[in-house]
Amino acid sequence: MTTDLWRPSATIKALRQRASLLAKIRHFFTQRQILEADVPVLSRRATSDPHIESISALCIGSPAYLATSPEFGLKRLLAAGIGDCYYLGKAFRQGEAGSRHNPEFTMLEWYRCGWDDHRLMDEVADLLRKVLGISQVQSLSYRALFQRELQLDPHSASDRELIACVEREVELSFTPVERAECLDLLMSHRLEPAMGEGITLLFDFPADQAALAKVIPDEQGIPVARRFEAYVGGLELANGYWELTDSTEQLRRFEADLAYRRAHNRIANPFEERLVSAMQEGMPECAGVALGVDRLLMLAGGYDSIEDVIAFPIERA
Amino acid sequence: MASYSTNEFKGGLKVMLDGDPCSIVENEFVKPGKGQAFNRVKLRNLKTGRVWERTFRSGESLESADVMDREMEYLYNDGEFYHFMEPETFEQHQASTDAVGDAAKWLKEQDICTVTLYNGVPLAVTPPNHVILEITDTDPGLRGDTAQGGTKPATLATGAVVKVPLFLEIGETIKVDTRTGEYLGRAKED
């Protein structure tokens, strides 16, 4: 079997579909006069995200990291005045491998100055409709999906109710402790499979899952993250924010992330303080979103595994 | 005892779960972009044959199970235990009726079976995929009816009952697929 490992795991047909998809994406943004921007894949700074690991390297004698997304670079360009822009290229995440993950993957990320999350959600749906030829779109809040499927309000349910719900719905080898962990388990095991065909846009995430989104009270007065996710047929495709632009709050979140990482025995790499400087200088109000292009290709071509759309996934790379 | 982390879980790996030896059937990595990583695992309990679904935090580990598959020759049944022998070492093992389970109806002396040992004791027995057995009981054959598709039940020397074509007689030997219980054809006379 090992002698076969020189071969691509994707068919030539799938690789042609990949080239055509990349061309379609670039055409979509050219038509909308959004500039393609290139940012480093090899950086001196790592991600501080509590649940994402950077792959580290050594460059000219000092530590460097493969970018887990182009987010920091693009935001620094936004602060420098580049305007609407997108990145279409590689991103890397340590330890993520499976039928929907490869440590090296292709990411599309774009920013719209002056827009909020809802306006950008519409544009994500436009892109998905064009590329996938799907017309069916449902848009609902994180709360509404939990209430529809589990009769549970993810913002106001007590920790005990949440844990009881997870233990009822999912066979676990451990006892969950954190709210975010309970919600992630319910999302991946129960809600994603229940989303149905078509495009699902989910918005207003719990405030403790804000990442780099603004946190604003919703119509019920509960602070929610102005973050959204796009799914097709229950497959997570994109994650977007009405972007945080306040440098003080950005610094606080970086420090909170690193404190979480230390408390959970995860490596706390140097964070991107130059993003904080960029925000001090003035980052424009904007909305941004990142989308997994390999998964988009899986959907477009009807492939079950990410190996079917990447020529040389990690075991062959 | 060695242990395996979720990223090493692969189909066929033998691990301990809830005190029972299990074989991993499937391992799916699940991770929301911004959320925690989990592994959704299907495991077959080797004692009961049941398939369990269990979600682990990525990075959790399970102890390996001292389970191994050995090719052994079936010797005889003493009424309580089934006796097997390793052909290389002549080491003998006795398997309980529970361990042999449904395989019992295919066991013919001197056939080579796969015996799964758990802590050195037979836990399960898998008969050869194809066995050759004599028909000990069936309705009288219908001569000249070789082309028609009709079947009848036939009892074999080991007690298994399989569907065979109408023309077969008591005393004939046939080849059977033990995984499906399907009649494959008359055994060639050597």
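Located above this text is the structure these notes cover.
Given the structure is predicted, the values throughout are model-derived calculations rather than measurements. (Residues numbered from 1 in each chain as written. Chains lettered and ligands numbered in written order. Predicted model: local features only at pLDDT ≥ 70, side-chain atom pairs only at ≥ 80, totals over all residues. Heavy atoms only, no water.)

Draft legend 1. Just the sheet that holds strand β8 (residues 82-85) of chain B, in detail. Residues and elements named next belong to chain B. Reading across from one edge, β9-β8-β7-β10-β11 is the order of the five strands in this open sheet, with antiparallel pairing throughout. Sheet topology places β9 (92-95) and β11 (121-126) at the edges, where each strand pairs with a single neighbour. Each adjacent strand pair in this sheet contributes to an overall mean axis angle of 45°, direction not counted. In this structure, strand β7 (residues 67-77) lies alongside β8, joined through four bridges in antiparallel fashion. If you follow Glu73 over to β8, its bridge partner there is Met85. (Pairing = 2+ DSSP bridges. Helix = DSSP H or I, 4+ residues; strand = E, 2+ residues; numbered from the N terminus. Axes fitted to C-alpha atoms, helices over the stretch in contact; angles between N-to-C directions.)

Draft legend 2. Structural detail: the packing of helix α4 (residues 142-150) of chain A against helix α6 (residues 179-194) of chain A. All names here are of chain A. Two elements in contact, α4 and α6, have axes whose closest approach is 11 Å; the angle formed by their N-to-C orientations is 70°. The angle between α4 and α6 falls in the class roughly perpendicular. Counting all contacts with α4, which are made through Tyr142, Leu145, Phe146, Arg148, Glu149 and Leu150, the residues of α6 involved are Leu183, Leu186, Met187, Arg190, Leu191 and Ala194. Residues that form the contact of α4 with α6 fall into these classes: nine nonpolar, no polar and three charged. (Parallel < 35°, antiparallel > 145°, perpendicular 65-115°, else oblique. Contact = heavy atoms within 4.5 Å. Nonpolar A, V, L, I, M, F, W, Y, C, P; charged D, E, K, R; others polar.)

Draft legend 3. Region of interest: the interface of chain A and chain B. Each side of the interface is counted separately: chain A has 31 residues, and chain B has 17 residues. Between chain A and chain B lies a buried interface of about 2100 Å² when both sides are counted; carbon and sulfur atoms form 49% of it. A salt bridge links Lys31 of chain B to Glu96 of chain A; its shortest N-O distance comes to 3.7 Å. Put simply, chain A and chain B have eleven residue pairs in polar contact (both at pLDDT 80 or more) between them. Broken down by secondary-structure element, the contributors of at least two residues to the side of chain A that touches chain B are α6 and β11 (235-242) of chain A. Broken down by element, the residue count for the side of chain A that touches chain B peaks at five residues, all from α6 of chain A. In the side of chain A that touches chain B, the residues fall into eleven nonpolar, ten polar and ten charged. (Buried area = accessible area lost by both parts, 1.4 Å probe. Salt bridge = Lys/Arg side-chain N within 4 Å of Asp/Glu carboxyl O. Polar contact = N/O pair within 3.5 Å; in protein donor to acceptor, adjacent residues only side chain to side chain.)

Draft legend 4. Representation of the nonpolar core within the structure. Residues and elements named next belong to chain A. Grouped together as the largest cluster of nonpolar side chains are 39 residues, with contacts concentrated most on Ile25, Phe29, Leu108, Trp110, Leu128 and Leu296. If you tally residues by element for this core, the top one is helix α3 (residues 117-132), at eight residues. If sequence neighbours within four positions are ignored, Ile25 has contacts with Leu88, Leu108, Val293 and Leu296. Judged by nonpolar contacts, the second largest core, of 27 residues, contains Leu183, Leu186, Met187 and Phe205. (Core = buried A, V, L, I, M, F, W, Y, C linked by side-chain atoms within 4.5 Å. Buried < 20%, exposed > 50% of the residue type's maximum accessible area, 1.4 Å probe, protein only.)

Draft legend 5. The arrangement of helix α1 (residues 12-31) of chain A in detail. Residues and elements named next belong to chain A. Its 20 residues give α1 an end-to-end C-alpha distance of 29 Å, which sits within 8% of 28 Å, the value for a rise of 1.5 Å per residue. Within the sequence span of α1, burial applies to Ala14, Arg18, Leu21, Ile25, Phe28 and Phe29. An end-on view of α1 places all buried positions within 90° of arc, on one side of the element. Exposed positions of α1 whose direction lies more than 90 degrees from the buried face are Ile12, Lys13, Arg16, Thr30 and Gln31. If you follow the buried residues of α1, they end up packed against β5 (85-92), β6 (104-113), α3 and α9 (293-301). Looking one or two residues beyond α1, the residue adopting positive phi is Gln33, at roughly 55°. (Expected span 1.5 Å × (residues − 1). Arc of directions from axis to C-beta.)

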